[in-house]
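Working through the structure, step by step
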Amino acid sequence: AGGSSGGEPCRARALLPEGLGEVRWGLDPDFPAPTATDTEVHVRVTETACTGSEPLGDRLVGPEVVERDGQVLLAFAARPLPDGFHTCPGNPSEAVTVTLPGPLGDRVIADGNAVPPVPAEIGDGF
């Protein structure tokens, strides 16, 4: 769903369970890029729905971490705010530390909500 205005291609996203909204994420620029021995990854997450600039806080679901050949997939979602009018002035990104089941090794960290998974970039997903 959605469109693109700025030259970026639209990317297919996984269908989330009923009642959950989309969250975009990227590697936190305030931390060094993950290395092979790291067991933690620092990311910034941003909700995509209009929230009137309300932080995600306890509404953040995840991360779900899935290891597979050559990749460690991270996926997040958000529980929505209560029904009502919410403006779209821009949502704050929030820092999240993800603990991996073991060292990263030579695998790539990727967005597990993207279809196919997309390697992580520095930023908040936007």
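Residues numbered from 1 in each chain as written. Predicted model: local features only at pLDDT ≥ 70, side-chain atom pairs only at ≥ 80, totals over all residues. Heavy atoms only, no water.

1. Observations regarding the pattern of salt bridges
- One pass over the full model with this rule turns up six salt bridges.
- A salt bridge links Arg13 to Glu22; its shortest N-O distance comes to 2.9 Å.
- Its salt-bridge partner being Asp28, residue Arg44 comes within 3.9 Å of it at the nearest N-O pair. Taken together, the positions of Arg44 in strand S3 (residues 40–47) and Asp28 in the loop between strand S2 (21–27) and S3 put the pair 16 residues apart, joining distant regions of the chain.
- The network of salt bridges with shared partners includes Arg13, Glu22, Arg24 and Asp111. (Salt bridge = Lys/Arg side-chain N within 4 Å of Asp/Glu carboxyl O. Helix = DSSP H or I, 4+ residues; strand = E, 2+ residues; numbered from the N terminus.)

2. Overview of the environment of Leu73
- Counting through the fold element by element, Leu73 comes out in strand S5 (residues 71–78).
- Remark: the alpha-carbon pair of Leu73 and Val108, spanning 35 residues in sequence, is separated by 8.3 Å.
- Look past the residues within four positions of Leu73 in its chain and what remains in contact with it is Glu64, Val65, Val66, Arg68, Ala110, Gly112 and Pro117. (Contact = heavy atoms within 4.5 Å.)

3. Things to note about the environment of Asp28
- On the basis of relative accessible area, Asp28 is assigned to the buried category, the value being 4%.
- Setting aside its immediate chain neighbours within four residues, Asp28 contacts His42, Val43, Arg44 and Ala95. (Buried < 20%, exposed > 50% of the residue type's maximum accessible area, 1.4 Å probe, protein only.)

4. Examining unusual backbone geometry
- That bond from Gly62 to Pro63 is cis: its omega, 20°, falls within 30 degrees of zero.
- Among the structural elements, Pro63 can be located in strand S4 (residues 60–68).
- The step from Val115 to Pro116 runs through a cis peptide bond, and the omega angle for that step is -10°.
- Mapping Pro116 onto the fold places it in the loop between strand S8 (114–115) and strand S9 (118–119).
- Phi angles above zero are rare outside glycine, and Ser53 is one such case at about 70°.

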